[in-house]
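Analysis of the macromolecular model
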Amino acid sequence: MHPGAMKNATMFFDIYVSHLGPVKVVDIGSQDVNGSLREVCPPNATYIGLDFERAKGVDIVLTDPYSLPLEDESVDVVVCSSCFEHSEMFWLLFNEVLRILKPSGIFYLNVPANGIFHRYPVDCWRFYPDAGRALVTWAKRSGFNPALLESYTSKRCEYDLSDYVSVFIKDKSRAVEYRNKIVDQFEDFINGYVYTEEPVYQEDVILKISQMNYDMMEENFLRERLYYVLGNQVPELEEEIRKLQNKILDLEGKLRRSSFSS
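Right, let's walk through the structure included here.

Cut-off values and rules
- In this numbering scheme, every chain counts its residues from 1 along its sequence in written order.
- Restriction of local features to residues with pLDDT of at least 70 applies here, the model being predicted, together with a cutoff of 80 or more for giving and counting side-chain atom pairs; totals for whole chains, interfaces and linings are based on all residues.
- Based on all heavy atoms of the structure, the side-chain values leave hydrogens and waters out of the count.
- A pair of Phe, Tyr and Trp rings is counted when the ring centres sit within 6.5 Å of each other, with Trp represented by its six-membered ring. The angle between the planes then sorts it: under 30 degrees is stacked, over 60 is edge-to-face, the rest tilted.
- When a residue's accessible area, from a 1.4 Å probe over protein chains only, is under 20% of the maximum for its type it is buried; when over 50% it is exposed; and in between it is partly exposed.
- Note on criteria: charge over ring means Lys NZ or Arg CZ within 6 Å of the ring centre, with the direction from the centre no more than 35 degrees off the ring normal.
- Definition of nonpolar core: a set of buried residues of the types Ala, Val, Leu, Ile, Met, Phe, Trp, Tyr and Cys, connected through side-chain atoms within 4.5 Å.
- Per the convention used, a helix needs a DSSP run of H or I reaching at least four residues, while a strand needs a run of E reaching at least two, with both numbered from the N terminus.
- In what follows, a contact means two residues having at least one pair of non-hydrogen atoms within 4.5 Å.
- Strand pairing is assigned whenever DSSP detects at least two bridges linking the two strands.
- Inter-axis angles, ranging from 0 to 180 degrees, are taken between N-to-C directions of lines fitted to C-alpha atoms, where helices are fitted over the stretch in contact.
- We define a salt bridge as a side-chain nitrogen of Lys or Arg found within 4 Å of a carboxyl oxygen belonging to Asp or Glu.

What follows is about the packing of aromatic side chains. One pass over the full model with this rule turns up 17 aromatic pairs. Both rings, one in Phe90 and one in Trp91, keep their centres 5.0 Å apart while their planes meet at 75°; by these two values the pair is edge-to-face. Note on Phe90: relative accessible area 12%, which makes it buried. For Trp91, a relative accessible area of 27% puts it in the partly exposed group. An aromatic cluster is defined as three or more aromatic residues linked by ring pairs; in this entry it consists of Phe84, Phe90, Trp91, Phe94, Phe107, Trp125, Phe127, Tyr164 and Phe168. Positioned above the aromatic ring of Tyr193, the side-chain terminus of Arg133 is 4.6 Å from the ring centre.

Quick look at the structure:
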């Protein structure tokens, strides 16, 4: 669990869950690896952790990645952090989440918007700003009627991942029950979206819109600083860096081939 993911989850619990009465919270991908969402889950919640192996933080071991062993409409809140990128067909899992949620139930999803290739056991996806609304479209074709309450891409913490965060409600007609939003109290984000009951064209309003992600912003900033300090030497240095990167890749390939042959 990277620090940014824990921070985003804490804000979610504070704004969406802490004021509710007794609720059942299900965490998909709950194994405690450098921390767990269980640590920030509010005391009014009964927490149930699901994962694929017996480990710290896991209450129920899954045998099928696209089948949750819980009854229809039996859960108040589902949370899933840093997991969907490792699901080959996350859209099927999304439908399972909606199945087990009560009509007023909500789903918190946190996935990388950038970051390193990290297989667990596979690493398949990164999420862009329209991902949440795409999942709603898919769910409606599958017979559900959810709504995306809000979404945003958070600024990463130091060398952390930059997270795409979205909050869904099972039944769109219950969206009015959740008027408070994370983006109303949080500033370090880009490409935010907030659900509105206004006409459809209003749904295309993006808060703090940016075509560049945080990696690109930082790269541009560093490039500008380099040109300011080093001037015309920058292109030559960049070419040297490119050559070194290619050499590193070649060496890594040789090491892998050598390990396989042995």
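This part covers the nonpolar core. Grouped together as the largest cluster of nonpolar side chains are 63 residues, with contacts concentrated most on Phe12, Tyr16, Val25, Ile28, Val78, Phe84 and Phe107. The greatest single-element share of this core, amounting to eight residues, is contributed by helix H1 (residues 3–17). Look past the residues within four positions of Val78 in its chain and what remains in contact with it is Val26, Ile28, Val97, Ile100, Leu101, Ile106, Phe107 and Tyr108.

Strand order in the open sheet formed by eight strands is E3-E2-E1-E4-E5-E7-E6-E8, and the pairing between neighbours is mixed. In this open sheet, the two edge strands, each paired with only one partner strand, are strand E3 (60–61) and strand E8 (189–194). Where strand E1 (residues 23–28) and strand E4 (residues 75–81) come together, four bridges link them in parallel fashion. Within the sheet, the bridge partner assigned to Ile28 lies in E4 and is Cys80. Where H1 meets the sheet, its contacts fall on E1, E4, strand E5 (101–112), strand E6 (147–154) and strand E7 (163–169), and the angle it forms with E5 comes to roughly 160°. Sheet contacts for helix H2 (residues 90–100): E1, E4, E5 and E7; angle to E5, the most-contacted strand, approximately 150°.

Applying the stated criterion to the full structure yields ten salt bridges. Asp72 is paired through a salt bridge with Arg99; the nearest N and O atoms lie 2.6 Å apart. Within this pair, whereas Asp72 is found in the loop between E3 and E4, its partner Arg99 is found in helix H2, the two being separated by 27 residues in sequence. Classification of Arg99 as partly exposed rests on a relative accessible area of 21%. Across the salt bridge formed by Asp123 and Arg126, the nearest N and O atoms sit 2.8 Å from each other. Overall, the relative accessible area of 12% leaves Asp123 in the buried class. Salt bridges linked by common partners bring Asp72, Glu96 and Arg99 together as one network.

On to the pairing of strand E2 (residues 45–51), then. Of all the seven residues making up E2, six are buried; the element is thus mostly covered by neighbouring parts of the structure. Strand direction decides the pairing type here: E2 and E3, joined by two bridges, are parallel. Pairing of Asp51 across the sheet is with Val61, part of E3.

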